[in-house]
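Per-entry structural report
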Amino acid sequence: MTVRTRFAPSPTGYLHVGGARTALFNWLYARRHGGKFILRIEDTDEKRNTAEAHQVIYDGLKWLGLDWDEGPDMGGDYGPYRQSERSEIYAKYLARLEAGGHVYEDGGSIRFRSPRKPVVLEDMVCGRIEFDMSNPATHPDMTIRRPDGSFIFHFVNVVDDIEMKLTHVIRGEDHLSNTPKHIELYNALGEKPPVFGHIPLILNHEGKKLSKRDGGSSITYFMEHGYAPEAVANYLCLLGWSPGENREKLSMEEILALFDIDKINRRNAIFDLDKCFWLNGQHILSMSFERFVELAKPFVEKAGISYGSEAALLAALTIVKPKVKHLSDVPDWIGFLFTEEFTFDPEAVEKSLKKAGAAGRLQALIAALTKVEDWSHASLEAALKDTATTLGVKTGELVHPARVAVSGRSVGPGLYEMFVVLGKERTLARFARAALMAAA
RNA sequence: GACCCUAUCGUCCAGCGGUUAGGACACUGCCCUUUCACGGCGGUAACACGGGUUCGAAUCCCGUUAGGGUCGCCA
């Protein structure tokens, strides 16, 4: 039997990180077991069902590196993959329930009559759980169809999972309490329930279910704020799961090799943006230059930086990669390399350029750099350090004003790297301008 | 309220009957250094509580407390 898992989001217009993690775990499970991963859109609630809302889901999943074998955009043997297009199927299943005497009408809607027998769930993550269904007050007969003929989540979800031959249902723990209802439905339909796995929830800093309002709760946030998909996927996996050996940073390939659904713990996790951010820096640091270019370039283009030639852009990206932490910071970190119109950070000017003696030190540096023939990192470093020795000052006294002189700011790529990328002429011109500012 | 799940540093994750309770983020001290970063060496910081079981419990059992989830004609 081939493993078949699914991600079944509702098109709400944004992809929740919790949903993304659910998708990730389902994808991982399918891929690990040579199975299929299916995307199904649960859009029975028509009012929030738009093409853009679908696109957000596709974009988010693709961005994370998740691919699906069957879905609304590509079809498959068990479609359609949008619930809004599956009404006849639901009607057919409702007829089966009616024939079995499992439903009754209540004020125009149709309810499923619970057998009121204990339900036992063998959950991949939570283990064996027995539910007492005897109290109608806490386990009322669920509505499965509204008076207007539309169907309710619990019913369509089960029907679709049956129809699409899903073998494993991995979902958030918020569904754990709903599961006995679903199992009753499977039983009434004479179908074998899939294997369930309820994963712990992602909570915000208040310890509540992470909601739309919380910063960083949607995948779009990470896409826009310069996170690498592999870093976010890595972080999401670490919530509730550990590869062992105190490992933190893992590639998708490594995760795929190590991930195991029954090693997921059962406690909810609080989303920590700090750690995700750190992991992002780690991934950027160790990713290939090609990958970095691929991820950083869209941000550069979007910022409208006229970088001239491709070679010039690559040179700039090279010196920035070892230090930048957010891909979205790249435009800011390279912009000054391509224009003389860059802005000076007033605070940096005040602190470094206007510092007593800075003007004189810059002049000394100009004199020394002018004499440098071989405009290389090593020669430039030697020249600057010699100057510092001659002047009897710490290298920092030259480095700080020099950095502000060529970039206008106190943070950025390595100093000599910037000199090299700018070239001798532009570097010295910027120094001359800065010396004027320092003297003013 | 009923039912279900959970309980180790502030946060995430190790631990699976015998450990000086470990790693990571964050915070912080020192070193390196060319700012920021990176890196290196340290530090602060945890087994919710009470009963059992056992020679021995963070680990197993029960209870309490706390937190989360579900109880929709949302998904």
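Quick word on the overall build of chain A
- From N to C terminus, chain A includes 17 helices and 11 strands.
- The globule rule puts the C-alpha radius of gyration for 440 residues at 22 Å, and the 30 Å found for chain A is more than 25% above it.
- On the principal axes, the C-alpha backbone points of chain A span a range of 95 × 40 × 40 Å.
- By the burial criterion, 50% of the 440 residues in chain A qualify as buried.
- When contacts within chain A are restricted to residue pairs at least 6 apart in sequence, those whose partners lie at least 24 apart make up 74%.
- For chain A, the centre of its 54 positive side-chain charges and the centre of its 59 negative side-chain charges are spaced 3 Å apart.

What about helix 17 (residues 415-439)?
- With 25 residues, helix 17 ought to run about 36 Å at 1.5 Å a step, yet its terminal C-alpha atoms sit only 22 Å apart, falling short of that.
- Of all the bends found along helix 17, the most pronounced is centred on G423 and spans about 115°.

Digging into the side chain of R361
- Its place among the elements puts R361 in helix 14 (residues 358-370).
- When near neighbours in sequence (up to four residues on either side) are disregarded, R361 contacts K355, A356, L391, V393, E397 and L398.

Overview of the packing of helix 15 (residues 377-391) against helix 16 (residues 395-407)
- Here helix 15 crosses helix 16 at 125°, and the two axes come no closer than 8 Å. In terms of their interaxial angle, helix 15 and helix 16 are classed as oblique. The interaxial crossing formed by helix 15 with helix 16 has right-handed handedness. Together, L384, K385, T387, A388 and L391 of helix 15 and T395, L398 and V399 of helix 16 make up the contact between the two elements.

Remarks on unusual backbone geometry
- A cis amide bond links G79 to the next residue, P80, at an omega of -5°.
- Mapped onto the elements, P80 comes out in the loop between helix 2 (51-64) and helix 3 (87-99).
- Even without being a glycine, R116 presents a positive backbone phi close to 60°.
- Along the polypeptide, R116 turns up in the loop between strand 4 (109-112) and strand 5 (119-123).
- Phi is positive for E245, which is not a glycine, with a value near 55°.

Some words on the sheet that holds strand 3 (residues 103-106)
- Read from one edge of the open sheet, three strands run 3-4-7, paired in antiparallel fashion. This sheet does not close on itself; its edge strands, each paired only once, are strand 3 and strand 7 (143-145). Mean inter-strand twist for the sheet, computed between neighbouring axes without regard to direction, equals 45°.
- In terms of strand pairing, strand 4 meets strand 7 through two bridges, oriented antiparallel. Of the residues in strand 7, the one forming a bridge with I110 is R145.

Quick look at the side chain of H198
- One can find H198 in strand 9 (residues 195-199).
- Look at H198 and you get buried, because its relative accessible area is 1%.
- Separated by 2.6 Å, the side chains of H198 and D123 make a polar contact.
- Side chain to side chain, H198 and T179 meet in a polar contact 3.0 Å long.
- With residues near it in sequence (within four places) discarded, H198 still touches L121, D123, V125, C126, R171, G172, E173, H175, L176 and T179.

Quick word on the protein's contact with RNA strand B
- In the vicinity of RNA strand B there are 59 residues, among which R146, K208, R266, R267 and K323 approach most closely.
- Of all RNA strand B atoms lying within 4 Å of any protein atom, the proportion belonging to sugar or phosphate reaches 72%.
- In this structure, L238 approaches RNA strand B through a main-chain N or O atom, which is 3.1 Å from a sugar or linking oxygen.
- Interatomic distance of 3.3 Å between a side-chain N/O atom of W278 and a phosphate oxygen of RNA strand B.
- Partitioning the surface near RNA strand B into residue classes produces 17 nonpolar, 22 polar and 20 charged.

Quick notes on the nonpolar core
- Residues L24 and F155 are the most contacted members of the largest nonpolar core, which totals 79 residues.
- Looking at which element gives the most residues to this core, the answer is helix 1 (residues 17-32), with nine residues.
- Those residues in contact with F155, other than ones at most four positions away along the chain, are Y90, Y93, L94, L97, I144 and L185.

Reading guide: rules and limits
Residues numbered from 1 in each chain as written. Chains lettered and ligands numbered in written order. Predicted model: local features only at pLDDT ≥ 70, side-chain atom pairs only at ≥ 80, totals over all residues. Heavy atoms only, no water. Helix = DSSP H or I, 4+ residues; strand = E, 2+ residues; numbered from the N terminus. Rg over C-alpha atoms; globule rule 2.2 N^0.38 Å. Buried < 20%, exposed > 50% of the residue type's maximum accessible area, 1.4 Å probe, protein only. Contact = heavy atoms within 4.5 Å. Lys, Arg positive; Asp, Glu negative; His and termini not counted. Charge placed at Lys NZ, Arg CZ, Asp CG, Glu CD. Expected span 1.5 Å × (residues − 1). Bend = angle between axes of the 7 residues up to and from the residue. Axes fitted to C-alpha atoms, helices over the stretch in contact; angles between N-to-C directions. Parallel < 35°, antiparallel > 145°, perpendicular 65-115°, else oblique. Left-handed = near helix turned anticlockwise from the far one by under 90°. Pairing = 2+ DSSP bridges. Polar contact = N/O pair within 3.5 Å; in protein donor to acceptor, adjacent residues only side chain to side chain. Near = heavy atom within 4 Å. Nonpolar A, V, L, I, M, F, W, Y, C, P; charged D, E, K, R; others polar. Core = buried A, V, L, I, M, F, W, Y, C linked by side-chain atoms within 4.5 Å.

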